[in-house]
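# Structural overview for review
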Amino acid sequence: MRNVLNKAVVKELIQHPEGLGRKVGFEDLTPMHGEWIREIVMGIGDYTLQAHRGSYKSSCLAVAIGIIMILYPHRNIIFLRKTDDDVAEMMRMVGKILKSPEFRGLVKQCYRQELVLTMETTEQISTNLWKSPMGAPQLLGMGIRGSITGKHAYYVITDDICNRDDRASRAERERTKAQYDELQNIRNRGGRIINLGTPWHKDDVFTKMPNIHKYDCCTTGLIPEGKLQEIRELKQKIVL
């Protein structure tokens, strides 16, 4: 059966995706987070979101991946984090979101059918909306150091592939950058590479990422002034 979207439902969803995020449990999402989700879901070309820790960027990503899997079920996703254990956390979040009453109701409104997860592990998730001639999963999660040979996706999404190890070690920074370069080979023609994370060093992998949108502590307004002062004092003690 051919999937036909209810355009009115989709329009309302894209205008206020942070509202859907709050309904599935991410109560702190704001209109700013709605902008992040829209850019991930609806943007054109590559996109990099560079935001401070505690800005709920991974929460936004989990919601965005769920929306992509519903609105664009013919486009597969490869999601990468630093390690396999880090990946499992996101996969569990996406699975929980897709099984929520809100997302099930959304699919019912959009397609007039029930949403079923036909595969759900800490590495792969697929729904009954997904039709793959090659047998690939709709969403594949893996650590950045894993083998990507032979894999391809429309969306290649990285989340926190740069961490404290990159701050402390030049060798780790160079390794991460080399691994990031390899991602160009798995993106389908016309597809997108989307990056989320926090910079750790002036010469880390963010130097290779395009179209960077920066949100610091002052920009987001998510951290109280007292906590901001503690962060400023800590940064003064760190020598990169």
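This report concerns the structure included in the present document. (Residues numbered from 1 in each chain as written. Predicted model: local features only at pLDDT ≥ 70, side-chain atom pairs only at ≥ 80, totals over all residues. Heavy atoms only, no water.)

The subject of this paragraph is the nonpolar core. Within the largest apolar cluster, 52 residues are counted, with the highest numbers of intra-cluster contacts made by Val41, Ile65, Ile67, Leu71, Val94, Leu139 and Ile157. Counting residues per element, this core draws most heavily on helix α4 (residues 57–71), which supplies 11 residues. In contact with isoleucine 67, not counting residues within four places along its chain, are Leu13, Pro17, Leu20, Ile37, Val41, Tyr72 and Phe103. By size, the runner-up hydrophobic cluster in this structure holds 18 residues, among which are Met142, Ile144, Tyr180 and Ile186. (Core = buried A, V, L, I, M, F, W, Y, C linked by side-chain atoms within 4.5 Å. Buried < 20%, exposed > 50% of the residue type's maximum accessible area, 1.4 Å probe, protein only. Helix = DSSP H or I, 4+ residues; strand = E, 2+ residues; numbered from the N terminus. Contact = heavy atoms within 4.5 Å.)

Inspection of the entire model under this criterion finds 13 salt bridges. For arginine 175, the salt bridge identified is with glutamate 172, shortest N-O distance 2.4 Å. One end of the pair is arginine 175 and the other is glutamate 172, both in helix α8 (residues 170–182) and three residues apart, which spans about a single turn. On the basis of relative accessibility, which here comes to 40%, the residue arginine 175 falls in the partly exposed class. By relative accessible area, glutamate 172 is classed as buried at 6%. Note that lysine 177 is salt-bridged to glutamate 174, the shortest N-O span being 3.1 Å. You can see lysine 177 and its partner glutamate 174 sitting in helix α8, three residues apart, about one turn around the helix. Here lysine 177 falls in the buried class, since its relative accessible area comes to 8%. A residue is classified by how much of its surface remains accessible, and glutamate 174, at 35% relative accessible area, is partly exposed. (Salt bridge = Lys/Arg side-chain N within 4 Å of Asp/Glu carboxyl O.)

Quick look at the pairing of strand β4 (residues 124–127) now. Of the pairings in the sheet, the one linking strand β3 (residues 117–120) to β4 comprises three bridges and is antiparallel in character. Directly across from leucine 117, in β4, lies its bridge partner threonine 127. Hairpin connection, β3 to β4: the antiparallel pair is bridged by three residues. Note: β4 against strand β5 (residues 139–143), two bridges, orientation antiparallel. For glutamine 124, the partnering residue across the bridge sits in β5 and is leucine 140. (Pairing = 2+ DSSP bridges.)

Glancing now at the sheet that holds strand β1 (residues 47–51). Taken together, the eight strands give an open sheet; going across it, the order is β3-β4-β5-β2-β6-β7-β1-β8, and neighbouring strands pair in mixed fashion. Unpaired on one side and paired on the other, β3 and β8 (212–215) mark the two borders of the sheet. Strand-to-strand twist across the sheet, computed as the mean angle between neighbouring axes with direction ignored, equals 10 degrees. Where helix α3 (residues 31–42) meets the sheet, it contacts β1, β6 (153–159), β7 (187–197) and β8, and its direction lies at approximately 155 degrees from that of β7. (Axes fitted to C-alpha atoms, helices over the stretch in contact; angles between N-to-C directions.)

Below, the discussion takes up the packing of α3 against α4. Relative to each other, α3 and α4 sit at 40 degrees, their axes nearing to 9 Å. One way to sum up the angle between α3 and α4 is to call them oblique. Viewed along their axes, α3 and α4 form a crossing whose handedness is right-handed. In this structure, α3 contributes His33, Trp36, Ile37, Ile40 and Val41 to the contact, and α4 contributes Lys57, Cys60, Leu61, Val63, Ala64, Ile67, Ile68 and Leu71. (Parallel < 35°, antiparallel > 145°, perpendicular 65-115°, else oblique. Left-handed = near helix turned anticlockwise from the far one by under 90°.)

Moving on, we get to the environment of glycine 45. Secondary-structure assignment places glycine 45 in the loop between α3 and β1. Glycine 45 sits 166 residues away from asparagine 211 along the chain, and the two C-alpha atoms are 8.8 Å apart.

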